[in-house]
Amino acid sequence: VVDPGPVIAQAAEAGVDVVPPGDLPAGWRPVSGVVREETGGVTLRLGYITGSGGFLQLVQSDIDAGQLLRREVGSSRPDGTQTIGGAPWQVYPGRKGEKALVRIEKERTVLVLGTAPASEMRTLARSLR
């Protein structure tokens, strides 16, 4: 288990308009956190083990959305959309065995991706306020 606070602060200091996750259900554990500064911007990646034992990553970046999607999801074409917590999210198939929720905003792109059940993906997405 890691404290995501320092990497969230590091990403914010590097220029990403970070939206930290709010309270998550009991049993969720943050297990990784890294900030990657690269040409074109900064990417924050947080990893969670969910209550069901699934794995999710929360990625927030200010690099080009198309570039980020190709790298993180393997595709730049959504399968559909969902409204979660009042915000529109695009649904992507993700890489083998993964699913992804994506929200593209002016100042950042936010991804929730992994192998956890869709309900837990929505829980993490909804916690971003």
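Please read all numbers here as calculations on a predicted model, not as lab measurements. (Residues numbered from 1 in each chain as written. Predicted model: local features only at pLDDT ≥ 70, side-chain atom pairs only at ≥ 80, totals over all residues. Heavy atoms only, no water.)

Observations regarding the side chain of E72
Next, step 1: Among the secondary structure elements, E72 is positioned in helix α2 (residues 65–72).
Next, step 2: Within polar-contact distance, the side chain of E72 engages the side chain of R45 at 2.7 Å.
Next, step 3: When neighbours within four sequence positions are excluded, E72 is seen to be in contact with R45, V59, R95, L111 and L113. (Helix = DSSP H or I, 4+ residues; strand = E, 2+ residues; numbered from the N terminus. Polar contact = N/O pair within 3.5 Å; in protein donor to acceptor, adjacent residues only side chain to side chain. Contact = heavy atoms within 4.5 Å.)

Here we look at the pairing of strand β4 (residues 80–84)
Next, step 1: In this structure, β4 lies alongside strand β5 (residues 87–92), joined through five bridges in antiparallel fashion. Bridge pairing in β5 places T83 opposite P88.
Next, step 2: If you look at the hairpin formed by β4 and β5, you'll find two residues sitting between the two strands, and G85 has a positive phi there, around 60 degrees. (Pairing = 2+ DSSP bridges.)

Things to note about helix α1 (residues 5–13)
Next, step 1: Along α1, the positions that sit buried rather than exposed are V7, I8 and A11. Along α1, the residues classed as buried sweep out an arc of 105 degrees about the axis, all on the same side. With respect to the buried face of α1, the exposed residues turned more than 90 degrees away are P6 and E13.
Next, step 2: Residue G15 follows α1 closely and has a positive phi angle near 115 degrees. (Buried < 20%, exposed > 50% of the residue type's maximum accessible area, 1.4 Å probe, protein only. Arc of directions from axis to C-beta.)

Looking at helix α3 (residues 118–126)
Next, step 1: For α3, the full list of buried residues reads E120, M121, L124 and A125. Down the axis of α3, the smallest arc covering the buried residues is 145 degrees, so these residues share one side.
Next, step 2: Lining the buried residues of α3 we find β2 (41–49), β3 (55–61), β4, β5, β6 (99–104) and β7 (109–114).

Thoughts on the pattern of salt bridges
Next, step 1: Taken as a whole and judged by the stated rule, the model has eight salt bridges.
Next, step 2: Residues R36 and E38 are paired through a salt bridge, measuring 4.0 Å at the closest nitrogen-oxygen approach.
Next, step 3: Residue classification places E38 among the buried positions, given a relative accessible area of 17%.
Next, step 4: Residues E105 and R103 are paired through a salt bridge, measuring 2.7 Å at the closest nitrogen-oxygen approach.
Next, step 5: Overall, the relative accessible area of 23% leaves E105 in the partly exposed class.
Next, step 6: R103 sits in the buried class, given a relative accessible area of 10%.
Next, step 7: Via salt bridges that share partners, D17, R103, E105, E107 and R108 belong to a single interconnected network. (Salt bridge = Lys/Arg side-chain N within 4 Å of Asp/Glu carboxyl O.)

Concerning the pairing of β7
Next, step 1: Burial runs high along β7: six of the six residues are buried.
Next, step 2: Side chains of β7 alternate between two faces, with T109, L111 and L113 and V110, V112 and G114 buried alike.
Next, step 3: Pairing of β3 with β7 involves six bridges; the strand directions are antiparallel. Paired with V59 across the strands is L111, a residue of β7.
Next, step 4: With six bridges joining them, β6 and β7 adopt antiparallel strand pairing. Across the sheet, the residue bridging to I104 is T109, located in β7.
Next, step 5: Where β6 hands over to β7, the hairpin turn is made up of four residues, counted between the paired strands.

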